[in-house]
Amino acid sequence: MNAPWKAGTPGGRDPYQAYICDDAALDVLRPVVVEMGWAPEKCNKGGLRNAVLNDINALAEVCEPGTVVIAIGQVNDVRLYRDLLASGIHDYLLKPLQPAMLRDALVNAQAVFSAPKFADASAAKQHISTAVIGTRGGVGASTIATSLAWLFSAENKQPTALLDLDIHFGTGALSLDLEPGRGLTDAIENPSRIDGLFIERAMIRANDNLAILSAEAPINMPLMTDGAAFLQLEEEFRHAFEMTVIDLPRNMLINFPQLLADVNVIVIVTELTLAAARDTIRMLSWLKTNAQHAQVIVVANKVQPGVGEISKTDFESSIERRIDISVAYDLKSAANAAKLGKTFCEANRASKASVAVRDIAKAVMGASDVASEDGAAPAKKSLLGKIDLKSMLSKKSPATAPSAA
């Protein structure tokens, strides 16, 4: 039993799915389902073994936290019953099914699902959304964005989303040696499709805690959007992840300023040049007016002492504020990361530049008063992840394996 992802909106999830092995049980279930106001065609032929082994991805997508599962089987064994309850199953019904018994079980499951959930407020964590913006092309904003996402996910163990909004020329997926897929372009073309299920299917998994959404749209395909898709993506990320990193090209900032409405931290990546100083001044002025709620971190990247057009002191005097963090120029380490298909910090963990990027990550983490000291957070787990399906199926023969309803 699964409530719609967005109640009352198109594309909501089905309230239930049933997998039944035999026709007799299906004949009992369908009339009761109709009484409950649900669609009888959602009663599928095939039990737990068939549902899990033949279409495990589809089953896993509906068995998220909050799903109520009722198992049906022929084995009258108290140990099996206890094992199922311990695994997270709500109830276990014995065949042959009785309409009254089945009706009571479904009504009880619906009541459990609808009951208010009381969360421990002290254990809650604030989602941190970070936008990384380069003052000029080539300053290394994407390199820092991907490294931050990797640090949050791999070292801090935070479920992290990386959103690369350079729709045509983004390098987020490339930096992680991944194919970008069509997830982001699909979201732009069909914003109404964006929900939690879409996020699960569209995002590319980089590691256990990091998922990326990016694109390599054809150059002859203009970006036709009012930005609603990007706002919806940010909203879904807040529900599904602890951290969001947005690689935000500066032209996107101009066209869609609303993207910063719910961003907690803005990392401005610059270089020590005259043009970059000018654009940093303009960007800081704009942010002061349009994003006062966000913490701004100014990062000087590719710093070479004595080589830059402007000294650090003169640059800071021009922008009327200090540079928060300086990242040394390290061409050899950058080339090494590209060859390995890894983020800069993953490929060069001991370099001075990586240490500086870690300082940026620490500054971002510090934006949340409720973030834990070690930054660790348990990843979201589905109900199927809690159930040892292989051991259950191996112990029971096909004739006695419980079916899911």
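A brief report on the enclosed structure follows. Sequence order as written defines the numbering, with residues in each chain counted from 1. Reporting of local features is limited, given that this is a predicted model, to residues whose pLDDT is at least 70; pairs of side-chain atoms are given and counted only at 80 or more, and all residues count toward the totals for whole chains, interfaces and linings. Only heavy atoms go into the side-chain values, all of them from the structure, while hydrogens and water stay out.

As a further point, take the sheet that holds strand 8 (residues 210-213). What the 8 strands build is an open sheet, ordered 7-8-6-9-5-10-11-12; its pairing is mixed. Each edge of the open sheet carries a strand with a single partner, namely strand 7 (204-207) and strand 12 (325-328). Each strand of the sheet is rotated relative to its neighbour by a mean of 20°, with strand direction disregarded. The pairing criterion is simple: DSSP has to find at least two bridges between the two strands. Numbered from the N terminus, helices here are DSSP runs of H or I no shorter than four residues, and strands are runs of E no shorter than two. As paired strands, strand 7 and strand 8 are joined by 3 bridges and run antiparallel to one another. Within strand 8, the residue paired with Arg-205 across the bridge is Ala-211. Against the sheet, helix 12 (residues 274-290) contacts strand 5 (128-134), strand 10 (265-270) and strand 11 (295-303), and its axis sits at roughly 165° relative to strand 10. Every angle, taken between N-to-C directions, lies between 0 and 180 degrees, and every axis is a line fitted to C-alpha atoms, over only the stretch in contact when it is a helix. By definition, residues are in contact when any of their heavy atoms lie within 4.5 Å.

The next thing to look at is the packing of helix 6 (residues 141-155) against helix 16 (residues 352-365). Their axes nearest at 10 Å, the elements helix 6 and helix 16 cross at an angle of 65°. Looking at the two axes, helix 6 sits roughly perpendicular to helix 16. Classified by chirality, the crossing of helix 16 by helix 6 is right-handed. For the pair formed by helix 6 and helix 16, the contact residues are Ile-144, Ser-147, Leu-148, Trp-150, Leu-151, Phe-152 and Glu-155 on the first element and Val-357, Arg-358, Ile-360, Ala-361, Val-364 and Met-365 on the second. Three residue categories are used. Nonpolar comprises Ala, Val, Leu, Ile, Met, Phe, Trp, Tyr, Cys and Pro, charged comprises Asp, Glu, Lys and Arg, and polar comprises the others, including Gly. Taken together, the residues that form the contact of helix 6 with helix 16 break down as 10 nonpolar, 1 polar and 2 charged. Angle categories: roughly parallel below 35 degrees, roughly antiparallel above 145, roughly perpendicular from 65 to 115, and oblique for all the rest. If you view the pair so one helix is near and one far, a crossing is left-handed when the near helix is turned anticlockwise from the far one by less than a right angle, and right-handed when it is turned clockwise.

Moving on: the pattern of salt bridges. Each salt bridge in this description consists of a side-chain nitrogen of Lys or Arg and a carboxyl oxygen of Asp or Glu lying within 4 Å of one another. Following the criterion strictly, the structure yields 13 salt bridges and no others. One salt bridge connects Asp-279 with Arg-136, and the closest N-O pair in it is separated by 2.8 Å. Of this pair, Asp-279 sits in helix 12 while Arg-136 sits in the loop between strand 5 and helix 6, and the two are 143 residues apart along the sequence. Only protein chains enter the accessibility calculation, which uses a 1.4 Å probe. A residue is then buried if its area is under 20% of the maximum for its type, exposed if over 50%, and partly exposed in between. With relative accessibility at 6%, the residue Asp-279 sits in the buried group. Close ionic contact of Asp-279 with Arg-282 constitutes a salt bridge, the shortest N to O distance being 3.5 Å. Highlighted residues: Asp-279 and Arg-282, both in helix 12, separated by 3 residues, approximately one helical turn. Look at Arg-282 and you get exposed, because its relative accessible area is 54%. Taken together, the salt bridges that share partners define one network made up of Arg-136, Arg-250, Arg-278, Asp-279 and Arg-282.

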